[in-house]
Amino acid sequence: MFTRLIERNCSAGWVSIGRGGFLLCAKRRADSETNRREFIIHERQFDRLERFVQLPPGIDPGAATAALSNGILTVIIPKTNEARADSKPIPVQRG
């Protein structure tokens, strides 16, 4: 849903990290006007979206990056060095 708002000319979008997760926010405003013979239709739409995503322990919020490209928001939050050291590969069995 965040991506759809951005694709529809989102006027403001931001990402923040804190309190054990990250917050995605977006705002959009659209105006349209249609002239008919007897009357004029003027419409305004306002949208606001907020999503909070809980993050696991062992991430480095100071190294987080966000990029918007072709209407797709990509957020990268890397693991800390300690968390990387604790990870182990899982063998994949083919059958």
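Residues numbered from 1 in each chain as written. Predicted model: local features only at pLDDT ≥ 70, side-chain atom pairs only at ≥ 80, totals over all residues. Heavy atoms only, no water.

A few words on the overall build of the protein. For the protein, the helix and strand inventory stands at 2 helices and 5 strands. Listed N to C, the secondary structure of the protein is α-β-β-β-β-β-α in terms of helices and strands. Considering only contacts in the protein between residues 6 or more positions apart, those separated by 24 or more positions represent 38%. If you sum the accessible surface of the protein, you get close to 7900 Å²; carbon and sulfur atoms cover 50% of it. (Helix = DSSP H or I, 4+ residues; strand = E, 2+ residues; numbered from the N terminus. Contact = heavy atoms within 4.5 Å. Areas by Shrake-Rupley, 256 points an atom, 1.4 Å probe, with all protein chains shown as cover.)

This brings us to the pattern of salt bridges. All told, the structure shown has 2 salt bridges when counted by the stated rule. Note that Arg 44 is salt-bridged to Asp 31, the shortest N-O span being 3.4 Å. Placement of the pair is Arg 44 in strand E3 (residues 40-54) and Asp 31 in strand E2 (residues 21-35), with a sequence separation of 13 residues. Where Glu 50 meets Arg 48, a salt bridge forms, and the shortest distance between an N and an O atom there is 2.2 Å. (Salt bridge = Lys/Arg side-chain N within 4 Å of Asp/Glu carboxyl O.)

Both E2 and E3 contribute to a ladder of 15 bridges, which runs antiparallel. Bridging from a neighbouring strand, Arg 28 pairs with Asp 47 of E3. (Pairing = 2+ DSSP bridges.)

Judged by relative accessible area, which is 52%, Arg 44 ranks as exposed. Put simply, Arg 44 and Ser 32 are 12 residues apart on the chain and 6.6 Å apart in space, counted from C-alpha to C-alpha. Once residues within four sequence positions are removed from consideration, Arg 44 is found in contact with Arg 29, Ala 30 and Asp 31. Only 3.4 Å separates the side chain of Arg 44 from the side chain of Asp 31, close enough to count as a polar contact. (Buried < 20%, exposed > 50% of the residue type's maximum accessible area, 1.4 Å probe, protein only. Polar contact = N/O pair within 3.5 Å; in protein donor to acceptor, adjacent residues only side chain to side chain.)

Let's shift gears to the confidence of the model for the protein. With 85% of its residues at a pLDDT of at least 70, the protein reaches an overall mean of 78. Ranking the elements of the protein by mean pLDDT puts helix H1 (residues 2-7) last with 44 and E3 first with 85. (pLDDT = per-residue confidence, 0-100.)

Inspection of the secondary structure puts Gln 54 in strand E3. Each C-alpha atom, one on Gln 54 and one on Leu 23, is 9.0 Å from the other, the two residues being 31 residues apart in sequence. In this structure Gln 54 touches Gly 20 and Gly 21, once residues within four positions along its chain are discounted. Looking at Gln 54, its side chain comes within polar contact range of the main-chain oxygen of Gly 20, at 3.2 Å.

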